[in-house]
Structure formats: C-alpha cells, structure tokens
Amino acid sequence: MRYQSITEEQWATVTSAAEEAQQLKIYAVGLTKRLKALFDDEHPKKSWGVTFEMLEDGTSWRIESPFGIARAHLRIFTNEAGMYAKYVIERQGKNPKDEPIWQQVWALHVTLQGMVHPGEEGGEPINLRTSSLNHSDDAMVHLGLSLLYALGQE
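A. Quick peek at the sheet that holds strand β7 (residues 126-127). The sheet built from seven strands is open, its strands ordered β1-β2-β3-β4-β5-β6-β7 with antiparallel pairing. Lying at the two open borders of the sheet, with one neighbouring strand each, are β1 (51-54) and β7. Alignment of strand β3 (residues 68-79) against strand β4 (residues 82-94), held across 10 bridges, turns out to be antiparallel. Looking across to β4, one finds that A70 is bridged to R91. Taken strand by strand, helix α2 (residues 17-40) contacts β1, β2 (61-65), β3, β4, β5 (100-111), β6 (115-118) and β7, and its axis lies near 45 degrees from that of β4. Relative to the sheet, helix α4 (residues 138-152) contacts β2, β3, β4, β5, β6 and β7, its axis offset from that of β5 by approximately 155 degrees.

B. Inspection of the packing of α2 against α4 at higher detail. Interhelical geometry of α2 versus α4 gives an angle of 80 degrees and a closest axis separation of 10 Å. One way to sum up the angle between α2 and α4 is to call them roughly perpendicular. On α4, the residues that touch L31, R34, L35, L38 and F39 of α2 are M140, V141, L143, G144 and L147. When its residues are assigned to classes, the contact of α2 with α4 shows eight nonpolar, one polar and one charged.

C. Expanded view of the pattern of salt bridges. Counted according to the given criterion, the structure contains three salt bridges. The salt bridge involving R62 is made with E64; its shortest N-O contact spans 2.5 Å. Look at E64 and you get partly exposed, because its relative accessible area is 37%. A salt bridge links R71 to E90; its shortest N-O distance comes to 2.7 Å. Of the two residues, R71 sits in strand β3 while E90 sits in strand β4, which places them 19 residues apart along the sequence. Given a relative accessible area of 25%, R71 falls into the partly exposed group.

Criteria and thresholds
- Residues numbered from 1 in each chain as written.
- Predicted model: local features only at pLDDT ≥ 70, side-chain atom pairs only at ≥ 80, totals over all residues.
- Heavy atoms only, no water.
- Pairing = 2+ DSSP bridges.
- Helix = DSSP H or I, 4+ residues; strand = E, 2+ residues; numbered from the N terminus.
- Contact = heavy atoms within 4.5 Å.
- Axes fitted to C-alpha atoms, helices over the stretch in contact; angles between N-to-C directions.
- Parallel < 35°, antiparallel > 145°, perpendicular 65-115°, else oblique.
- Nonpolar A, V, L, I, M, F, W, Y, C, P; charged D, E, K, R; others polar.
- Salt bridge = Lys/Arg side-chain N within 4 Å of Asp/Glu carboxyl O.
- Buried < 20%, exposed > 50% of the residue type's maximum accessible area, 1.4 Å probe, protein only.

Below is the structure:
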C-alpha cells in the first residue's frame, strides 16, 4: 500500500467523525434488529435453519446455519465520498492443520443516508430509516436469503 499525503477534501470527510460514526451504529443496530426478527420468525427458522444472535454491542452477530458458524462485525471507514460502515461476514472453517480460521464470505455497506447495500456492488439497497420491523418486508427477506447463500459458498 502506498501512503500518500491527505488532501483537504479527504480530511474534510472526518470533521464530524464522532457524530457520523454514532449515526452509522444506530443504523447498524436497526439492521441487526430487523435481521433478528426475520430469522426468529417461525417459517424462516424452520425452513432456513438459521440461528441469529445479536451480541452485546448491538451491532455484531453470531450466526449458525446449515453451512456452519459465522460472525459479522461492523467496521467504520471513510473515503472521498465520506464515512460509511461495512459489515464483514466471516464463516468459520479449518486450515490444513485442522485449526479454526475465519474466512470472509460477504459484506454489507451502510451509508450515512441509512441505506444498506448488499455485497460489494449492485443489489437492491435497503432503507434503514424506516421504522418497520416487519419480517415480511421483501427487501429483508432477500437480504436474509442472500446472507444464507453467501454462507454456503465454497
């Protein structure tokens, strides 16, 4: 990685870092609650076989699925466009010595506008500014199924 001088436009993106980081965490907690409600519903629990646990910080997850154990942690970053959060979803695997390792399998991006973008690119964004915890929300169902699919990838 090359370390270059930081421009005024770049450092301007972090002048409200504390407030913006807090807002991103609020959106992440909302996303976590919505996913928990989805995976705790009777039909997805029975059909998909996912146990979704929200950890103490309200933003981290522990997931059990037919594909094994996974976890997700929120990280906050900045770039020229401003601050954003990223969920890195990791599945537990084994190295050649049969020791547990964590493999990144997917990511979600959360913007300061309260939008979740599934995957690295594309995908229908989900608006977290809505207060609905309705598990039948199509966008959340699509996100839950996408997450499960990502966990099953080789």
